[in-house]
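Summary of structural features
Read off the chains here:
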Amino acid sequence: MSSRPTMRSAHPPAEQKTVLHGRQDVVDAIAGLAAGAAADQGGALTIAGESGIGKTAVVEEAAALVASDQPDMRIIRLRGVEAEVELAWSGLAELLDGLLGGLDRLAPARAAAIRSALAMEGSDQPVEPFAVALATRDLLVDAAEQAPILIIVDDLQWVDLPTRRTLSYIARRLQFERVAIVSTRRTGADARTDTGPVVVLDAVSDEDADAILRDAGVTAPSVRRELIAAAGGIPLVLKEAAHMLDAEQRAGRAELPDPLPIGASGQRGVDLLLERLP
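Residues numbered from 1 in each chain as written. Predicted model: local features only at pLDDT ≥ 70, side-chain atom pairs only at ≥ 80, totals over all residues. Heavy atoms only, no water.

Right, let's get into the overall build of the chain. Broken down by element type, the chain carries eleven helices and five strands. Looking at the chain as a whole, 50% of its 278 residues qualify as buried. Taking contacts inside the chain between residues at least 6 apart in sequence as the whole, the part at least 24 apart equals 77%. Accessible area of the chain: about 13,600 Å², with a carbon and sulfur share of 51%. (Helix = DSSP H or I, 4+ residues; strand = E, 2+ residues; numbered from the N terminus. Buried < 20%, exposed > 50% of the residue type's maximum accessible area, 1.4 Å probe, protein only. Contact = heavy atoms within 4.5 Å. Areas by Shrake-Rupley, 256 points an atom, 1.4 Å probe, with all protein chains shown as cover.)

Turning to the side chain of aspartate 210, a few remarks are in order. With respect to the helices and strands, aspartate 210 occurs in helix α7 (residues 206–215). Within the structure, the side chain of aspartate 210 is placed 2.9 Å from the side chain of arginine 214, a separation counted as a polar contact. Apart from residues no more than four positions distant in its own chain, aspartate 210 is found in contact with Arg224 and Ile228. (Polar contact = N/O pair within 3.5 Å; in protein donor to acceptor, adjacent residues only side chain to side chain.)

Using a probe with the size of a water molecule, rolled over the atoms, empty space left in the structure can be pinpointed. By volume, the second largest pocket is sized at about 150 Å³. Lining the second largest pocket are eleven residues, and of these Ala113, Ser116, Gln125, Pro126 and Glu128 lie nearest its centre. For the lining of the second largest pocket, the element with the highest residue contribution is helix α4 (residues 108–117), accounting for four residues. Partitioned by chemical class, the residues of the lining of the second largest pocket number six nonpolar, three polar and two charged. (1 Å grid on protein atoms, 1.4 Å probe; cavity = no way out; pocket = protein on both sides within 12 Å on 5 of 7 lines; lining within 4 Å. Points joined across faces, edges and corners; volume = space filled by probe spheres on them. Nonpolar A, V, L, I, M, F, W, Y, C, P; charged D, E, K, R; others polar.)

Tallying each qualifying case throughout the model produces one aromatic pair. Relative to tyrosine 169, the ring of phenylalanine 130 lies with its centre 5.8 Å away and its plane at 90 degrees, an arrangement referred to as edge-to-face. Here the residue phenylalanine 130 occupies a position in helix α5 (residues 129–144), and tyrosine 169 occupies one in helix α6 (residues 161–171), the gap between them amounting to 39 residues. With a relative accessible area of 48%, phenylalanine 130 lands in the partly exposed category. Since its relative accessible area comes to 14%, tyrosine 169 is described here as buried. (Phe/Tyr/Trp six-rings, centres within 6.5 Å; stacked < 30°, edge-to-face > 60°.)

This part covers the side chain of arginine 178. Here arginine 178 is to be found in the loop between α6 and β4 (179–186). A distance of 2.7 Å separates a polar side-chain atom of arginine 178 from the backbone oxygen of alanine 144. The residues touching arginine 178, leaving out its near neighbours within four places in the chain, are Ala37, Ala38, Asp40, Ala144, Glu145, Gln146, Ala147, Pro148 and Ile149.

Moving on to the confidence of the model for the chain. With 87% of its residues at a pLDDT of 70 or more, the chain shows a mean pLDDT of 88. Scored below 50 in pLDDT, residues 1–16 makes 39 contacts in the model with residues more than four places away or belonging to other chains. (pLDDT = per-residue confidence, 0-100.)

Now for the pattern of salt bridges. Under the counting rule described, the total for this entry stands at 13 salt bridges. Of the charged contacts in the structure, one is a salt bridge between glutamate 60 and arginine 77, with a shortest N-O distance of 3.1 Å. You can see glutamate 60 sitting in helix α2 (residues 55–69) and its partner arginine 77 sitting in strand β2 (residues 74–79), a full 17 residues away along the chain. Among the residues examined, arginine 77 registers a relative accessible area of 34% and is labelled partly exposed. (Salt bridge = Lys/Arg side-chain N within 4 Å of Asp/Glu carboxyl O.)

Across the interface, α7 lies against helix α8 (residues 221–231) with an axial gap of 10 Å and an inter-helix angle of 125 degrees. One finds that α7 runs oblique with respect to α8. Between α7 and α8 the crossing geometry is right-handed. From α7, Asp206, Ala209, Asp210, Leu213 and Arg214 reach across to α8, where they touch Arg224, Leu227 and Ile228. (Axes fitted to C-alpha atoms, helices over the stretch in contact; angles between N-to-C directions. Parallel < 35°, antiparallel > 145°, perpendicular 65-115°, else oblique. Left-handed = near helix turned anticlockwise from the far one by under 90°.)

This part covers the environment of alanine 37. As for its placement among the helices and strands, alanine 37 is situated in helix α1 (residues 24–38). By relative accessible area, alanine 37 is classed as buried at 0%. Residues contacting alanine 37, with those up to four places away along its chain left out, are Gly42, Met73, Pro148, Ile149, Glu177, Arg178, Val179 and Ala180.

Strand order in the open sheet formed by five strands is β2-β3-β4-β1-β5, with parallel pairing between adjacent strands. For this open sheet the edge positions go to β2 and β5 (198–200), each flanked by a neighbour on one side alone. Averaged over all pairs of adjacent strands, the angle between strand axes in this sheet comes to 15 degrees, irrespective of strand direction. Across three bridges, the pairing between strand β1 (residues 43–49) and β5 is parallel. By the bridge assignment for β5, threonine 46 is matched with valine 198. (Pairing = 2+ DSSP bridges.)

As structure tokens, this is what we get:
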């Protein structure tokens, strides 16, 4: 892994609410899905893109917008975890947390399928994935009678396969329901379990990259130009690069580190970010 370049101690500007540059159309599309679900016209969407391109930021912004515009909507969050991807139905347990009270209203065979999948009762019968998918849809539709539901799945590629298949099945059957599903996944991940039409997040434009750096406190145009040229239009890399510079460097009054804390593809910034994770 790349070593950290020598530079002054960086103290990024105080956190503040900023515009999500170059992504508003996708945020609006998610908000539109949620509005459709509230009007009994559910739907689904998959957002794909490379690491650091801004998928999580988009769904976070959309969730905040939906919560503000539609305070009665129930937002269910599910995040894939690589360490749990081989644990069958672990994602389902998180998805249905808070909804299991509706099991008694399901057909007995479907309720039994959920209980078996989540190890809620002993059974010698194998879990039947189709029955689980039907029952999960029933639980969501039942809960949505009380309040429309927006399901946000981040890092779909790290959700266990049986749960991904269940979500994909449900996503194709939401036309007249009060449920919407939005998921994110990395480019190149298995597309067979996507939860709807795919929107690909590309690199941001130089204009949007410039705005991202200005929001991050890089006031010198010359410094912004250098970072933009190196970052490959990846929002996370742009922000991390800005935060690795001190105030004098961001203002163009001090020499920038050589090499810059990012490479031509932005990979150096990603490497440095990963080094700081616990």
